[in-house]
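# Fold and geometry: a report
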Amino acid sequence: MVDDQTFLLTPGTLTLQDLYRLWRVDQGLTLDPRCFAGIDGSAACVQRILDEGRVVYGINTGFGSLARTTIPSDQVGELQRRLVLSHSAGIGTRLDDRVVRLVMILKINALARGYSGIRGEVIEMLVHLLNAGAYPVVPSKGSVGASGDLAPLAHLSAALLGEGRVRLQGEELDAKTALQRLGLQAMELRAKEGLALLNGTQVSTALGLEGLFRAHDVFLAALVAGALSVDAALGSDTPFDPRIHAVRGQPGQIAVAELLGRLIAGSGIRGSHLDCDRVQDPYSLRCQPQVMGAALDVMNAAAGMLEREANAVSDNPLVFAAEGDVLSGGNFHAEPVAMAADMIAIALAEIGALSERRIALLTDAHMSGLPAFLVADPGLNSGFMIAHVTAAALASENKGLAHPASVDSLPTSANQEDHVSMATHAARRLAAMAENSGHVVATELLAAAQGIDLRRPLETSPRLKDAMRALRNEVPFLDQDRAMGADISAIHDLLERGWFRDGYFAAETILQH
């Protein structure tokens, strides 16, 4: 960090906290000057290969199944230009500017490690565009996650050539006009540079990171919702006793139980029924540590995989300048990202599914002991009846979206690329899943807050009162029927703004990596 406005990037050292901040906040970026020696050495190695007349894949050959075609030295620059243009074949709605920004940061981070054979001025042009708020328009569909995210990265890279479209401070322009406004000239690529720009897992990784960050926000909100629901339903905190979880030994389960216990501690509602005759609560209340703890462990594992991938060099071939070697491998294969995204998807589906079950419990007068559908005069009022139906629809939709993408593969490039990861789709669908589960949890927060208010004059715990104040600042008590879509959206907006992460749980460390 140089200052509050500028982030100093030392290539290969981004932490999850860095990545979250760079995703959440528009911050300038500058490269650690020490990285340029490696960058220059790598580019010089590529030039030596050309000067010596050696034939090396990616430098003076075709690509994919055309790798055995040798390209004359005077055409290698044109080869790179045509590579970028031909691979700009993506379709669909554009990726959000915040995602494109993160893609650019990850691409800069990878290229600046000095194994890609690309000149420093190409990387610095990416930095310039990033700092100017000039984000290439990148279609969201068209990558199978090997050889890297070719189509979307081609659309990103085309902007350097003055091709394609760019969003400059929110205004969409053709790339040539955007470069002119910034006082930049279109880049003429040299040997290997187009391939270095196109090859890599940066799009799928950025989408995976966004999905992870949003899933974490949903997870935290769901912990609060679950604790409120326990109190509103006159549930017990005995299932959160640490002795139960210690003998199982699952770290996420232990952490969630401890946190739920702290949230409920001191509740007057809980104190009012310590000697009641209820033997056990339904699973959606008492098994929260087991279910949410498993989700936490899965998200932590995915976080580690994505953090490592964010710092990875994933183009091909790789230049090891010290030895003068250019090695062709497969770091572009995004299987780690695909599997991490599938893990996050499963966690999101289960967080939403458990939350939906608690809404069903609260709205059922026989289960909760509260007025039917959490409203006075049920019959005249429908209360939370259809809000629960919406939550059920969203939870069910997520079950379909959670099907693993990483188990799918279709061969491409004349069967040269005969196994692919589908990582980009795996990661892209996380935004929709987080949106769905986030709205389910928002609905539960409203239902649980309604239940807590209906228990008056009994009061919830001091910690949960803080959450109640935030919820009631957004949405008032439901005394009679009103349109509830806006209420759900208001609580979801609170979640999306990061209030649970950066406000309510600011002092907590939940996500480990």
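The structure contained in this document is the topic of the report that follows.

Conventions used here
Residues numbered from 1 in each chain as written. Predicted model: local features only at pLDDT ≥ 70, side-chain atom pairs only at ≥ 80, totals over all residues. Heavy atoms only, no water. Helix = DSSP H or I, 4+ residues; strand = E, 2+ residues; numbered from the N terminus. Rg over C-alpha atoms; globule rule 2.2 N^0.38 Å. Buried < 20%, exposed > 50% of the residue type's maximum accessible area, 1.4 Å probe, protein only. Salt bridge = Lys/Arg side-chain N within 4 Å of Asp/Glu carboxyl O. Pairing = 2+ DSSP bridges. Axes fitted to C-alpha atoms, helices over the stretch in contact; angles between N-to-C directions. Parallel < 35°, antiparallel > 145°, perpendicular 65-115°, else oblique. Left-handed = near helix turned anticlockwise from the far one by under 90°. Contact = heavy atoms within 4.5 Å. Nonpolar A, V, L, I, M, F, W, Y, C, P; charged D, E, K, R; others polar. Patch = residues over 30% accessible without salt bridge, like charges linked within 9 Å, V, L, I, M, F, W, Y side chains within 5 Å. Areas by Shrake-Rupley, 256 points an atom, 1.4 Å probe, with all protein chains shown as cover. 1 Å grid on protein atoms, 1.4 Å probe; cavity = no way out; pocket = protein on both sides within 12 Å on 5 of 7 lines; lining within 4 Å. Points joined across faces, edges and corners; volume = space filled by probe spheres on them. Phe/Tyr/Trp six-rings, centres within 6.5 Å; stacked < 30°, edge-to-face > 60°. Lys NZ or Arg CZ within 6 Å of the ring centre and 35° of its normal.

## A closer look at the overall build of the protein
- Counting secondary structure elements, the protein contains 21 helices and nine strands.
- On C-alpha atoms alone, the protein measures out to a radius of gyration of 26 Å, which is about the 24 Å that the 2.2 N^0.38 rule sets for 513 residues.
- By its C-alpha atoms, the protein is 85 × 50 × 45 Å across when sized along the principal axes.
- By residue count, 56% of the 513 residues in the protein fall in the buried class.

## Some remarks on the pattern of salt bridges
- Within this structure, the stated rule accounts for 31 salt bridges.
- Where Glu435 meets Arg214, a salt bridge forms, and the shortest distance between an N and an O atom there is 2.8 Å. On the criterion of sequence distance, the pair formed by Glu435 in helix 18 (residues 423-454) and Arg214 in helix 9 (residues 202-232) is long-range, its members being 221 residues apart.
- Among the residues examined, Glu435 registers a relative accessible area of 32% and is labelled partly exposed.
- According to the relative accessible area criterion, Arg214 is buried, its value standing at 10%.
- With its nearest N and O atoms 3.9 Å apart, the salt bridge here joins Asp466 to Arg463. Of this pair, Asp466 and Arg463 are both found in helix 19 (residues 462-474), three residues apart, which corresponds to roughly one turn of the helix.
- On the basis of relative accessible area, Asp466 is assigned to the partly exposed category, the value being 32%.
- Each of Glu78, Arg81, Arg82 and Glu163 takes part in a single network of salt bridges with overlapping partners.

## Comments concerning the sheet that holds strand 6 (residues 165-168)
- One open sheet accounts for three strands, arranged 4-6-7; its pairing is antiparallel. Every interior strand has two partners, whereas the edge strands, strand 4 (134-136) and strand 7 (171-174), have only one. This sheet shows a mean twist of 30° between the axes of neighbouring strands, independent of strand direction.
- By the bridge criterion, three bridges tie strand 4 to strand 6 in an arrangement that is antiparallel. From the neighbouring strand, Pro136 faces strand 6, where its bridge partner is Val166.

## Structural notes on unusual backbone geometry
- Of the consecutive residues Ala146 and Ser147, the connecting peptide bond is found in the cis state with omega at 0°.
- Residue placement: Ser147 occurs in the loop between strand 5 (139-141) and helix 6 (150-158).
- Put simply, Arg456 and Pro457 share a cis peptide bond, and its omega is 15°.
- Positive phi, close to 70°, is recorded for Lys192, a residue that is not glycine.

## Structural notes on the packing of helix 4 (residues 97-111) against helix 9
- In the contact formed by helix 4 and helix 9, the axes pass within 9 Å of each other and the chain directions differ by 125°. With respect to each other, helix 4 and helix 9 are oriented oblique. The two elements helix 4 and helix 9 meet at a crossing, and its hand is right-handed. From helix 4, Val99, Leu102, Val103, Leu106, Lys107 and Ala110 reach across to helix 9, where they touch Gln202, Val203, Thr205, Ala206, Leu207, Leu209 and Glu210.
- Taken together, the residues that form the contact of helix 4 with helix 9 break down as nine nonpolar, two polar and two charged.

## Here's the deal with helix 1 (residues 16-24)
- The complete set of buried residues in helix 1 reads Leu16, Asp18, Leu19, Tyr20, Leu22 and Trp23.
- Those residues of helix 1 that are buried are in contact with strand 1 (6-9), helix 4, helix 9, helix 14 (288-310) and helix 21 (499-504).

## Quick look at a nonpolar patch on the surface
- Together, Met385, Ile386 and Val389 line one region of the surface with nonpolar side chains, adding up to about 250 Å² of accessible area.
- By the element assignment, Met385 lies in helix 17 (residues 385-401).

## So, the environment of Leu260
- Note on placement: Leu260 falls in helix 11 (residues 251-264).
- Note: C-alpha distance between Leu260 and Ala227 (33 residues apart in sequence) is 6.1 Å.

## Overview of the side chain of Ser157
- Note that Ser157 resides in helix 6.
- When neighbours within four sequence positions are excluded, Ser157 is seen to be in contact with Val84, Leu197 and Leu198.

## Thoughts on the packing of helix 17 against helix 18
- The interhelical angle for the contact between helix 17 and helix 18, taken along N-to-C directions, is 155°, at an axis separation of 9 Å. Judged on the interaxial angle alone, helix 18 and helix 17 are roughly antiparallel. Our pair here, helix 17 against helix 18, has a crossing hand that is left-handed. Only Arg429, Ala432, Met433, Asn436, Ser437, His439, Val440 and Thr443 of helix 18 make contact with helix 17, whose side of the interface consists of Ala387, Ala391, Leu394, Ala395, Glu397, Asn398 and Leu401.
- Per-class residue counts for the contact of helix 17 with helix 18 are eight nonpolar, five polar and two charged.

## Quick look at the layout of surface pockets
- The calculated volume of the largest pocket comes to roughly 590 Å³.
- In terms of lining residues, the largest pocket is bounded by 30 residues, among which Tyr57, Gly62, Phe63, Gly64 and Glu417 are the most central.
- Top contributing element to the lining of the largest pocket by residue count: helix 3 (residues 76-87), with six residues.

## Digging into the packing of aromatic side chains
- Counting across every chain of the model gives seven aromatic pairs.
- The interplanar angle of 35° and the centroid separation of 5.3 Å between the aromatic rings of Trp499 and Tyr504 together place this pair among those described as tilted.
- Since its relative accessible area comes to 24%, Trp499 is described here as partly exposed.
- For Tyr504, a relative accessible area of 6% translates into the label buried.
- Feature note: the residues Trp499, Phe500, Tyr504 and Phe505 constitute an aromatic cluster, connected by ring pairs.
- The ring of Trp23 carries the charged tip of Arg98 above its face, separated from the ring centre by 4.0 Å.

## Examining the pairing of strand 6
- Pairing of strand 6 with strand 7 involves four bridges; the strand directions are antiparallel. Note that in strand 7 the partner of Val166 across the bridge is Leu173.
- From the end of strand 6 to the start of strand 7, which pair antiparallel, there are two residues, and Gln169 there has a positive phi angle of about 50°.

## Some points on the side chain of Lys192
- Structurally, the position occupied by Lys192 is in the loop between helix 7 (175-181) and helix 8 (193-198).
- Excluding its chain neighbours within four sequence positions, the residues that come into contact with Lys192 are Val46, Gly58, Ile59, Gln80, Ser116, Asp315, Pro317 and Val319.

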